[in-house]
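As a plain string of letters, each chain reads:
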2 protein chains.
Amino acid sequence: MTSDCQKLSSVLQLWDKSLVVEGLRQMRNTQTMAELQLQSPGKQPTIRDVAELAGVATSTVSRALTKPGRVNHVTRERIEEAAAKLNYIPSSQARGLSSGRTQTVAVLVPDITNPFYFDIIRGTQHQLKAAGYTQLLVDTEESAEMEADALQKMRRSADGFILAASRLTDEQLTEAAAQQPLVTINRAPAIAPTVVIDTPSAIIQALEHLVSLGHTRICFVGGPATSWSNAKRWQAFQVETKERELTTSRVGPFAPKTTSGAAAADAAVHTGATACIVFNDLLAIGMLQRLRERGIRVPEDMSIVGCDDIFGADFCNPPLTTMASPIEQAGRVAVSMLLSRLNPQYGGTSRRLAVMPTHLTVRASTGPAPER
Amino acid sequence: MTSDCQKLSSVLQLWDKSLVVEGLRQMRNTQTMAELQLQSPGKQPTIRDVAELAGVATSTVSRALTKPGRVNHVTRERIEEAAAKLNYIPSSQARGLSSGRTQTVAVLVPDITNPFYFDIIRGTQHQLKAAGYTQLLVDTEESAEMEADALQKMRRSADGFILAASRLTDEQLTEAAAQQPLVTINRAPAIAPTVVIDTPSAIIQALEHLVSLGHTRICFVGGPATSWSNAKRWQAFQVETKERELTTSRVGPFAPKTTSGAAAADAAVHTGATACIVFNDLLAIGMLQRLRERGIRVPEDMSIVGCDDIFGADFCNPPLTTMASPIEQAGRVAVSMLLSRLNPQYGGTSRRLAVMPTHLTVRASTGPAPER
DNA sequence: ACAAGGATGACAAGCGATTGCCAAAAATTG
DNA sequence: CAATTTTTGGCAATCGCTTGTCATCCTTGT
């Protein structure tokens, strides 16, 4: 992959002249440590080792460590001490095998590189870790097939699933929800509990904002055809623009990536609209770039409203007016909905639907409609 | 979290008037399906079910599915057919228990929300999936302690580790490397195999670029104190600026976030430098914002060079000149280095060091030095 | 046609935990 | 102080799969 020796040595020289020597020295170290490890037979301490050291049965160790109260206070301390001394960590594999639960939740997102999902991932990650669960991140690459596949393949290895912006059909989703506990994000009309982001209401806010700036010809720049939120946003857009007697147009579908922005911008300009409501910020940012290239000024000639308020929306040029919502929190709520289903004993009232509020964040990409 | 009923219903109305009904209907569906499932005793088909259906022993099923060639061609087909019919998925738990390998690799990054790591994550994810491994993402929140902790806690559940920009001390790292297979990214002087991004050479390119633009007073804006790459970049900066007899200054350390950009910008301006080489793009973008607020023009009054070429570097204002490198590829290479260690049979020559090339991407944040 | 050898598949012993069941010990009660 | 209840901790059976060992069967060579 990289041309090696020559480049390497010059680089090393610059970085750390003693690297190679250092490496060798430490190599030797390892050797020694590895040997030390091999003295003890099975490398990792098992529950048996702990039991032996503490002078109890393995079952007692297991209970001491998982069922507080089931074991005498003082015995437990002795066990914990032994466990600590051996640096014992229970094998999640073995634990999962016998208990049937993996303490793992899989989070499926259409595209890891989309900053929108970053926030969701961060939210789920936090919440899951707090509950002692492990998160399994899966990138489904915008493909319903991969999504269904992952759902199948991992049904044994995850206790539950969180589907962000699922691309599955309603039937697939219903079926999947019957097979395993799952919570969706931004996908409401399904059997599964859902966290939705209230973008329709955001659309209203955006439209009012644009109307107040004097815009009358507004274009809806659509996202992926299979996206449920896209459909809902379009629906809200239609209803609201009709009420307000605005002239509308629609272009798309476009992939939710900055690279699709060029085509989207050109199409939008072609409609003659003076303002666009764009499926998401990624696309909107791409449009901004293209409009700038074409010499179309934002917001003087064209106003742009994005959606999601992702990383970057505040520092692009011009900064993007966008429909913001607590995405990270959506992730957290999704997790707690899922966990309350997985552990009905703890979980309080497990809701079937959570609606995350949205608000319009006005920045510099929207302005008064151009005079005609 | 959200005010419920009222808002909910209004939202539902807008979205899907039949949602509730729909929900109930599907609820019933599930009930039925769940019942169906309960008819078969153990819910998920096991290897035994497959063996029975195919008329062979479980061991044969196991071999047919994992050791191609060990089982007769025709028997295998029969088994595969049976497995497919039952929709059998082996339990990774059980498999791991007996085989001792989890087919899982943990990737530790200091901050999931940093776009730099996004690319790494994407790279590792791809490569791991291709090799049939599962990726476990861990956010260590820039903390050496959490990192060490995760390394301990997960040593049973992961076959190997990839540490991106590890915050561990050399001793900790050496110890960790002795305990389990691990590959580091951007952390060379350690026992473990490493993928480094050749930023020192990028620093040279950046300096040459700035010099060619007439800059003589250059400021190094430092990142986290515990960051190895930061140290190396500073080192390269020092060496190269001395050779070129430039006037230098250094500010920092700053957290690698846009929010730290304000302080960084103010400090940099205070040094009187006309150009900055900034630890990373995140910080640089933050500085850009602050400089703009303060009316300091970029690049007319001050040139800025970032590092990493992250998402956003191309559309911030002005677009950022930055030291780019194939980050995603770095992730991929790290994975293949790790896997070649985990599976010595396949793996070819397992390198101990891979150096990723860098190049300067010049955009609009650098320009001629201001006249004095 | 028979012995040697390789291919094939079954048996059974784990892997490291959990957990139902039960007996011994301790605490409570009358 | 005996009887009863409650704790406490051990035994052993699983969980679902892998793998070492070994018997069987089918090829071959002679």
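Cut-offs used in this document
Residues numbered from 1 in each chain as written. Chains lettered and ligands numbered in written order. Predicted model: local features only at pLDDT ≥ 70, side-chain atom pairs only at ≥ 80, totals over all residues. Heavy atoms only, no water. Pairing = 2+ DSSP bridges. Helix = DSSP H or I, 4+ residues; strand = E, 2+ residues; numbered from the N terminus. Axes fitted to C-alpha atoms, helices over the stretch in contact; angles between N-to-C directions. Salt bridge = Lys/Arg side-chain N within 4 Å of Asp/Glu carboxyl O. Buried < 20%, exposed > 50% of the residue type's maximum accessible area, 1.4 Å probe, protein only. Near = heavy atom within 4 Å. Core = buried A, V, L, I, M, F, W, Y, C linked by side-chain atoms within 4.5 Å. Contact = heavy atoms within 4.5 Å. Polar contact = N/O pair within 3.5 Å; in protein donor to acceptor, adjacent residues only side chain to side chain. Parallel < 35°, antiparallel > 145°, perpendicular 65-115°, else oblique. Nonpolar A, V, L, I, M, F, W, Y, C, P; charged D, E, K, R; others polar. Right-handed = clockwise from strand over helix to strand, strands pointing away.

Asker: Outline the sheet that holds strand 8 (residues 275-278) of chain B, supporting the account with residue identities and numerical values.
Answerer: Residue and element names in this part refer to chain B. Taken in spatial order, the 6 strands make up an open sheet running 7-6-8-9-10-12, and their pairing is mixed. Each having just a single partner strand, strand 7 (247-251) and strand 12 (359-361) make up the two edges of the open sheet. Averaged over all neighbouring strand pairs, the angle between strand axes comes to 20 degrees, with direction disregarded. Here strand 10 (residues 321-324) runs beside strand 12; their pairing, made up of 3 bridges, is antiparallel. Bridge pairing links Met323 to Leu360 in strand 12.

Asker: Tell me about the pattern of salt bridges, residues and numbers included.
Answerer: All names here are of chain A. Inspection of the entire model under this criterion finds 28 salt bridges over all chains. The shortest N-O distance in the salt bridge between Lys153 and Asp149 comes to 3.0 Å. Of this pair, Lys153 and Asp149 both sit in helix 8 (residues 144-153), 4 residues apart, which is roughly one turn of the helix. Assessed through its relative accessible area of 38%, Asp149 is described here as partly exposed. Through salt bridges with shared partners, one network takes in Asp119, Arg122, Glu328 and Arg332.

Asker: Tell me about the protein's contact with DNA strand D, and please be specific about residues and values.
Answerer: Surveying the vicinity of DNA strand D reveals 30 residues, the closest of which are Thr60, Arg63 and Thr75 of chain A together with Ile47 and Arg63 of chain B. Counted by atom, the contact set of DNA strand D within 4 Å of the protein is 56% sugar and phosphate. At 5 residues, helix 6 (residues 92-99) of chain B tops the list of elements feeding residues into the surface near DNA strand D.

Asker: Kindly report on the sheet that holds strand 8 (residues 275-278) of chain A, identifying the contributing residues and their values.
Answerer: Paired through their backbone hydrogen bonds, the strands of a sheet run either parallel or antiparallel. All names here are of chain A. In spatial order, the strands read 7-6-8-9-10-12; together these 6 strands make up an open sheet with mixed pairing. Of all the strands in the sheet, just strand 7 (247-251) and strand 12 (359-361) have a single pairing partner and so form its edges. Each neighbouring strand pair of the sheet contributes to a mean axis angle of 20 degrees, computed without reference to strand direction.

Asker: Can you lay out the nonpolar core for me, pointing to particular residues and giving the numbers?
Answerer: Proteins that are soluble and globular tend to have nonpolar side chains buried together. Judged by nonpolar contacts, the single largest core of 114 residues is most densely connected at Val221 and Ile304 of chain A together with Val221 and Ile304 of chain B. Non-local contacts of Ile304 of chain A, meaning those with residues more than four positions away in its chain, are made with Cys276, Val278, Ala284, Met287, Leu288, Leu291, Val298, Leu320, Thr321, Ser365 and Thr366 of chain A. With 34 residues, the next largest nonpolar core counts Leu151 of chain A together with Leu163, Ala177 and Leu182 of chain B among its residues.

Asker: Give me unusual backbone geometry: which residues, what numbers.
Answerer: Geometrically, the link from Val298 of chain A to Pro299 of chain A is a cis peptide bond, its omega value of 10 degrees lying close to zero. One non-glycine residue, Asp309 of chain A, adopts positive backbone phi at about 55 degrees. With respect to the helices and strands, Asp309 of chain A occurs in the loop between strand 9 (303-308) and strand 10 (321-324). Although it is not a glycine, Asp308 of chain B adopts a positive phi angle of roughly 120 degrees.

Asker: Can you tell me about the protein's contact with DNA strand C, naming the residues and giving the values?
Answerer: Lining the immediate surroundings of DNA strand C are 30 residues, of which Ile47 and Ser62 of chain A together with Thr60, Arg70 and Thr75 of chain B lie closest. Within 4 Å of the protein, atoms of DNA strand C come from sugar and phosphate in 58% of cases. A distance of 2.7 Å separates a phosphate oxygen of DNA strand C from a polar backbone atom of Ala57 of chain B. Here a base nitrogen of DNA strand C and a side-chain polar atom of Ser59 of chain B are 3.2 Å apart. When residues of the surface near DNA strand C are traced back to their parent elements, those giving at least two are helix 3 (47-54), helix 4 (58-66) and helix 6 (92-99) of chain A together with helix 4 (58-66) and helix 6 of chain B. With 5 residues, the single largest contributor to the surface near DNA strand C is helix 6 of chain A.

Asker: So what's going on with the packing of helix 4 of chain B against helix 5 (residues 73-86) of chain B? Which residues, and what values?
Answerer: Describing two packed helices takes the angle between their axes plus the distance from one axis to the other. Residues and elements named next belong to chain B. The geometry of helix 4 relative to helix 5 is characterised by a closest axis approach of 9 Å and an angle of 95 degrees between their N-to-C directions. Classified by the angle their axes make, helix 4 and helix 5 are roughly perpendicular. Contacts between helix 4 and helix 5 involve Thr60, Val61, Ala64 and Leu65 from the first element and Thr75, Arg76, Ile79 and Glu80 from the second. By residue class, the composition of the contact of helix 4 with helix 5 is 4 nonpolar, 2 polar and 2 charged.

Asker: Explain the pairing of strand 3 (residues 160-164) of chain A residue by residue, including any values.
Answerer: Within a regular strand, side chains alternate between the sheet's two faces. All names here are of chain A. Burial analysis of strand 3 places 5 of its 5 residues in the buried class, the great majority of the element. Of the two faces of strand 3, both are covered, the one formed by Gly160, Ile162 and Ala164 as well as the one formed by Phe161 and Leu163. Where strand 1 (residues 104-109) and strand 3 come together, 4 bridges link them in parallel fashion. Paired with Val105 across the two strands is Gly160, which belongs to strand 3. Pairing analysis gives 4 bridges linking strand 3 to strand 4 (residues 182-185), with the strands arranged parallel. Among the inter-strand pairings, Ala164 is bridged to a residue of strand 4, identified as Ile185. Crossover strand 3 to strand 4 through helix 9 (residues 170-179) is right-handed.

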